[in-house]
Each structure stands twice: as structure tokens, then as C-alpha cells.
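# Observations on the model geometry
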Amino acid sequence: MDSQIAEPDAAARIASIPIEEIDVARPSLFQNDTIGLFFDRLRAEEPVHYCRESYVGPYWSITKFDDIMALDTNHKVFSSEAKLGGIAIQDMHSVEGALELEMFIAMDPPKHDQQRKAVTPAVAPSNLQLLEPIIRKRAGEILDELPIGEDFDWVDKVAIELTTMTLATLFDFPWEERRKLTRWSDVATAAPETGIVESYEARREELIGCAMYFKTLWDERINEEPKNDLISMMAHSPATRDMPFLEFLGNLMLLIVGGNDTTRNSISGGVLALNQSPDEYAKLDADPSLISKMVPEIIRWQTPLTHMRRTALEDWEIGGKQIKKGDKVVMWYLSGNRDESAIERADQFIIDRKNPRHHLSFGYGIHRCMGNRLAELQLRIIWEEIHKRFSRVEVTGEPERLFSNLVRGITRLPVRLRAR
Amino acid sequence: MIKITFVASDGERREVEIEEGETAREAALYNDVPGIDGDCGGVCACATCHVHVDPEWIDKVGRLMHDGMEADLLQFAEGTTEYSRLACQIPMKPMLDGLVLHLPEQQY
């Protein structure tokens, strides 16, 4: 839909590319938002697709919902191990001078299981209930500060601010310095081409600074009684308290990126989707009790992480194609979330779907997003608080998108508010 | 038809009926019993249909197998016990008529 706005002739041009030459790894396709047209072709013509040459080397694309589900739940054959390349289309540990982080999302059992279990309680529903009033109060304060009737950037003033404050709450992070979390999240996923960091060396420096900062917090918490924040939990849990330094840093970065980038972009993506589907906005306005169903639909629609990658540990057949041991396999959640054979009217944003949580954005299997209910909680609170205050969040200009094939990011979204 | 009673975390009981061959997850979803999310569609991929089988029924339902996907997923769920199962992995059959399943406070 919005891709046609970005480039009117894109559809005809993309339709004429030979199928074997399609390379969906190019970050520019995500930045100009033509990627959906490529995935439409792959799902229709070659749902399990091999790209021989790309800037990340050869890789398989899995584009249909059911195939993605089958792969995601087969962790015995499809490994997340960092040393084999990890979980993103670009190999981890592949760039000289980059800091080699270790995190449980990029581990296989049994180590993955031990570490995940140690940090999961922080985002468990019972803990979230304790957080809800704090998040709601802080969300209200952010919204009350916003100007009415004049243009401003939604990403900076709301999306980033809200996710950052939640994350600071989760870590019990020094409040005045909470924007450091945002910066570290951006840096952790940044390549120099994005302009976020100047070089891998600069990135390394910043991440070491991040590690030192957290080390100080860790040292404080380990000497205090255990509390319900993530750092205290990791400092006191037998599974995580003796972690090597890079592993400690890696798991922290995982929690920061996992809790920051993704929710931030869903908050912005929801505003954009409602503006592109005025009938849905009208439905919401008439019945705010739809918010709890709208939230998972926003997460499907945005698909804030476009893919997860695995490495085949043995030969495997899927979709009539023979994947070989050692091959890189990319599960394109963004494509599966538009698969008509699994989701009715998948190309439409519909806020009152019957099974709105049946989407791929959180992944499935043992690596399924552990913060999924926290993400939903944040989005539900902010939409409830928005609805109380504003009759409309109107998009007033073109969104700008992130140059990334992994994080589906909106970097700027001009809006204007109408008071209720 | 086979009867199942779902007991919510606040103690409220809901008796529903389901056809043989459907699972306990479907029994909840088809009858709008709150407390079962079942995000993945019933293919043992997400652990959002976690239930505690009533101890009197656990032997008929069967205990969790320790080396399968169901156990791999349930290890990360909140408040698991020796009676924990995923409802999508409980196919309904006549011997389970009258089954009692307890729901956790929330799923994730």
C-alpha cells in the first residue's frame, strides 16, 4: 500500500525481475518500503527461494506462514548458535573489530534454556501487573506534554520516550540517564552504513561504555537484597551470576534491543496503519474496547523484526527444496504475516480480527519472544491513554524508514494531534 | 460430546462440551472460555494454552513427556507444576469425559 506511494512504478519493475535474481537482503528495499512487493512474488512463485549471491552471501528465504512455523519449532535441525552465524541474515562475529556479544537468543539448548529461564520471570505476567500502574502513569505524563494542533515527530516525542521509560523501569535504571538505553539499543544493531555509528571501532567503544555502566549497576545490585528488576535478577540467579563479561553484556543488549526497538516501531507503526485505514480508525474511535484486539494486529502489521535466521545442522527438505547442512535459512516473518493462506485478508489492517495473536512477529518455539506480553501491555496502555486525550493522531507527512533488513524501523513520523 | 470443566484462577467454573478428536484448547476457544490464548494455532509452538490438569485426572490425560517440544516450551512458562500440560496437546476422547482443567492467571 504505502510502497506505491514511495515509488509509483515499483510494482511493474519488480514484476519483471527474474525470480532467481531476487535478493531480499538489500536494506534499501526496507527503507523505501518496496519489500512487500518482492515477498508477494516469492510467496506466489517460489515460497522457498535460494539467493546465490548477496552482500551477506548465499541464503534461503522461507516466505510462507506454515513453513516458517515448521522451521521455527525445529530447533534441533535449525540452529541459532552464534558461532554458526547466529540469528540474523548477516552473520554474527563476521566483522573484524566488531565486539563479539554472546546472548541466549543466539544459543541452542541446553545453555539457551538455562539463561532464558533466569531472566524470564522479569517479564512474566505476574511481574507485569506490578508494572502496569507505573507505565500508565508515565505514559500519561508523556502524552500530557504533547502540543495540540501543531506538527511534531511522533517517533522522538512518544515512541522512543515511552519505550525508553518502560525499559528504565524494568532495569530500575537511573531515571535521568534513561536515553542512554535508547542510544545503546540503536548502537547495538547498527552498521556504519546506517549513520548511527561512524565505524565498527566506534561502535565497540560505545558498547564497552555501556558494559561498564551496567557493571556498576550490577555491582550495586549484587550487594543488595534481590529485587524484581532485570539486573538484580541476573546478578542473583545461579544461571547468570557467573557469566563471562561478553555474555553478560550480550544478554543485556538482547534485553535492551528486544524491549526497545521493537515496541518503539510498533507504537509508530500503529499510528501510520490507522491513518492509512481511516475506516479502522473510525472503528477504534467508536469502540475503544477494541484496543486489546488492535494491539496484536498492530504487531502483525508492523512486524518490527523482519526475520530470524537459522543454520541447518543437517540436510532438510521443505517446500520441495533441498536445504543442505550448513546452509543459511531466513524465516521472513514480514512475509509470513502477509500470507493469505494463513491469515484472512492478510494485506489489510483490521483491528477486530477473530484471532489477532495468530501472527509470526514474536516467532514460535523455544526462541519465541519472551517479552511478548510486555510489548502488548505497553501498546495497550498507550492506546488507552491516547484515546482518552486525543480524537485523532493525524499523520501530516511522509514517514522515514530505517536502512535495515532486520529492524523494520520508522525513524521519523510527522503528526498533529486533535484534542478530544 | 465430551464434557470439560475449566476452572479459572479466581475459582469460577465453566463446563463446556467438545467433539471427540478436538483438543482441550479448541474446547476453550470454541466456547469463549477466557484464560486460554492459544496464539500459535494449536501446533505446540507457543505455550499460551498452559493448563494444570486436575490431579485426579492426570493419569488419564498423561503426564508431560520430558524430552519433547511441549516440555521445551513449558519450561519457560510461569507457575508450572507436575500437572502442567498444553491444552493443544490433550486430544479429547470418551475416557476424558468430565475432565477438569485449571487455568493459570495469565498466558504468555
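Report on the accompanying structure. (Residues numbered from 1 in each chain as written. Chains lettered and ligands numbered in written order. Predicted model: local features only at pLDDT ≥ 70, side-chain atom pairs only at ≥ 80, totals over all residues. Heavy atoms only, no water.)

### Some points on the overall build of chain B
- Regarding its fold elements, chain B presents three helices and five strands.
- Each helix and strand of chain B, ordered N terminal to C terminal, gives the series β-β-α-β-α-α-β-β.
- With the C-alpha coordinates of chain B rotated into their principal frame, the extents come out at 30 × 25 × 25 Å.
- Burial analysis of chain B (108 residues in total) assigns 53% to the buried set. (Helix = DSSP H or I, 4+ residues; strand = E, 2+ residues; numbered from the N terminus. Buried < 20%, exposed > 50% of the residue type's maximum accessible area, 1.4 Å probe, protein only.)

### What about the interface of chain A and chain B?
- At the junction of the two partners, chain A supplies 23 residues and chain B supplies 19 residues.
- Note on chain A versus chain B: buried area summed over both sides is about 1,800 Å², and carbon and sulfur give 53% of it.
- The tally of links between chain A and chain B comes to four salt bridges.
- Residue arginine 373 of chain A is joined to aspartate 39 of chain B by a salt bridge in which the shortest nitrogen-to-oxygen separation is 3.1 Å.
- Applying the counting rule to chain A against chain B returns 12 residue pairs in polar contact (both at pLDDT 80 or more).
- Broken down by secondary-structure element, the contributors of at least two residues to the side of chain A that touches chain B are α6 (111-119), α7 (125-144) and α16 (372-389) of chain A.
- In terms of residue count, the dominant contributor to the side of chain A that touches chain B is α6 of chain A (four residues).
- Looking at the side of chain A that touches chain B residue by residue, the class counts come to seven nonpolar, nine polar and seven charged. (Contact = heavy atoms within 4.5 Å. Buried area = accessible area lost by both parts, 1.4 Å probe. Salt bridge = Lys/Arg side-chain N within 4 Å of Asp/Glu carboxyl O. Polar contact = N/O pair within 3.5 Å; in protein donor to acceptor, adjacent residues only side chain to side chain. Nonpolar A, V, L, I, M, F, W, Y, C, P; charged D, E, K, R; others polar.)

### Examining the sheet that holds strand β3 (residues 78-79) of chain A
Residue and element names in this part refer to chain A.
- Reading across the sheet, the five strands line up as β1-β2-β8-β5-β3 and stay open at both edges, with mixed pairing between neighbours. The two strands at the open ends of the sheet, each matched to only one other strand, are β1 (48-51) and β3.
- With four bridges connecting them, β1 and strand β2 (residues 59-62) associate as antiparallel partners. If you follow histidine 49 over to β2, its bridge partner there is serine 61.
- Each of β1, β2, β3, β5 (307-312) and β8 (328-332) touches helix α5 (residues 65-72); the most contacted strand, β8, lies at about 125 degrees to it. (Pairing = 2+ DSSP bridges. Axes fitted to C-alpha atoms, helices over the stretch in contact; angles between N-to-C directions.)

### Things to note about the pairing of strand β5 (residues 99-102) of chain B
- Two elements, strand β1 (residues 2-7) of chain B and β5 of chain B, share four bridges in a ladder whose sense is parallel. Each bridged residue has a counterpart across the sheet, and for phenylalanine 6 of chain B the counterpart in β5 of chain B is leucine 101 of chain B.

### Considerations on helix α8 (residues 154-171) of chain A
Residue and element names in this part refer to chain A.
- An ideal rise of 1.5 Å per residue puts 26 Å on 18 residues; α8 measures up with 25 Å between its terminal C-alpha atoms.
- At isoleucine 160, α8 is deflected by roughly 30 degrees, the largest bend along its length.
- Within α8, 16 of the 18 residues are buried, which leaves it mostly tucked inside the rest of the structure.
- The N-cap residue of α8 is aspartate 153: its side-chain oxygen and the backbone nitrogen of valine 155 are 3.1 Å apart.
- Downstream of α8 by one or two residues, aspartate 172 has phi in the positive range, about 50 degrees. (Expected span 1.5 Å × (residues − 1). Bend = angle between axes of the 7 residues up to and from the residue.)

### Overview of the sheet that holds strand β4 (residues 152-153) of chain A
Residue and element names in this part refer to chain A.
- The strand order across the open sheet formed by three strands is β4-β12-β9, and the pairing between neighbours is antiparallel. Since the sheet does not close on itself, it has two edges, and those belong to β4 and β9 (390-395), each with one partner.
- Judged from the five bridges that link them, β9 and strand β12 (residues 414-419) form a sheet pairing that is antiparallel. Bridging from a neighbouring strand, valine 393 pairs with leucine 417 of β12.
- With respect to the sheet, helix α12 (residues 245-276) is in contact with β9 and β12, its orientation differing from that of β9 by roughly 90 degrees.

### Focus on the pattern of salt bridges
Residue and element names in this part refer to chain A.
- As enumerated under the stated definition, the model contains 49 salt bridges over all chains in all.
- Notably, a salt bridge pairs glutamate 385 with arginine 389, separated by 2.9 Å at the nearest N-O pair. Of the two residues, glutamate 385 and arginine 389 both sit in helix α16, four residues apart, roughly one turn of that helix.
- Among the ionic contacts, a cluster of salt bridges with common partners joins Glu132, Arg136, Asp144, Arg380, Glu384, Glu385, Lys388 and Arg389.

### Digging into the environment of proline 91 of chain B
Residue and element names in this part refer to chain B.
- Mapped onto the elements, proline 91 comes out in the loop between β4 (84-86) and β5.
- Here the alpha-carbon distance between proline 91 and glutamate 20, two residues 71 residues apart in the chain, equals 7.7 Å.
- Those residues in contact with proline 91 that lie beyond four places of it in its chain are Glu22, Thr23 and Leu96.

### So, the side chain of serine 404 of chain A
All names here are of chain A.
- By the secondary structure assignment, serine 404 is in the loop between β10 (400-401) and β11 (410-412).
- Among the polar contacts listed, one links the side chain of serine 404 to the backbone nitrogen of leucine 406, at a separation of 3.0 Å.
- Residue contacts for serine 404: discarding those within four places in its chain leaves Pro27 and Phe30.

### What about the packing of aromatic side chains?
All names here are of chain A.
- Counting across every chain of the model gives 11 aromatic pairs over all chains.
- Here phenylalanine 78 and tryptophan 316 contribute two aromatic rings whose centre-to-centre distance is 6.3 Å and whose plane-to-plane angle is 80 degrees, an arrangement assigned as edge-to-face. Of this pair, phenylalanine 78 sits in strand β3 while tryptophan 316 is found in strand β6 (residues 316-318), placing the two residues 238 residues apart along the sequence.
- Between the aromatic rings of phenylalanine 173 and phenylalanine 214, the centroid separation amounts to 5.7 Å while the plane-to-plane angle is 50 degrees, which identifies the pairing as tilted. Residue phenylalanine 173 is located in the loop between α8 and α9 (179-188), and its partner phenylalanine 214 is located in helix α10 (residues 200-222); the two are separated by 41 residues in the primary sequence. Per residue, the accessibility class of phenylalanine 173 equals that of phenylalanine 214, and both read buried.
- Among the aromatic side chains, those forming a connected cluster through ring pairs are Phe171, Phe173, Trp184, Tyr213 and Phe214.
- The ring of tryptophan 175 has arginine 138 lying over it, and the distance from NZ or CZ to the ring centre is 3.8 Å.
- Above the face of the tryptophan 175 ring, arginine 178 is positioned so that its terminal group lies 4.2 Å from the ring centre. (Phe/Tyr/Trp six-rings, centres within 6.5 Å; stacked < 30°, edge-to-face > 60°. Lys NZ or Arg CZ within 6 Å of the ring centre and 35° of its normal.)

Distances and angles like these do not, on their own, reveal function.
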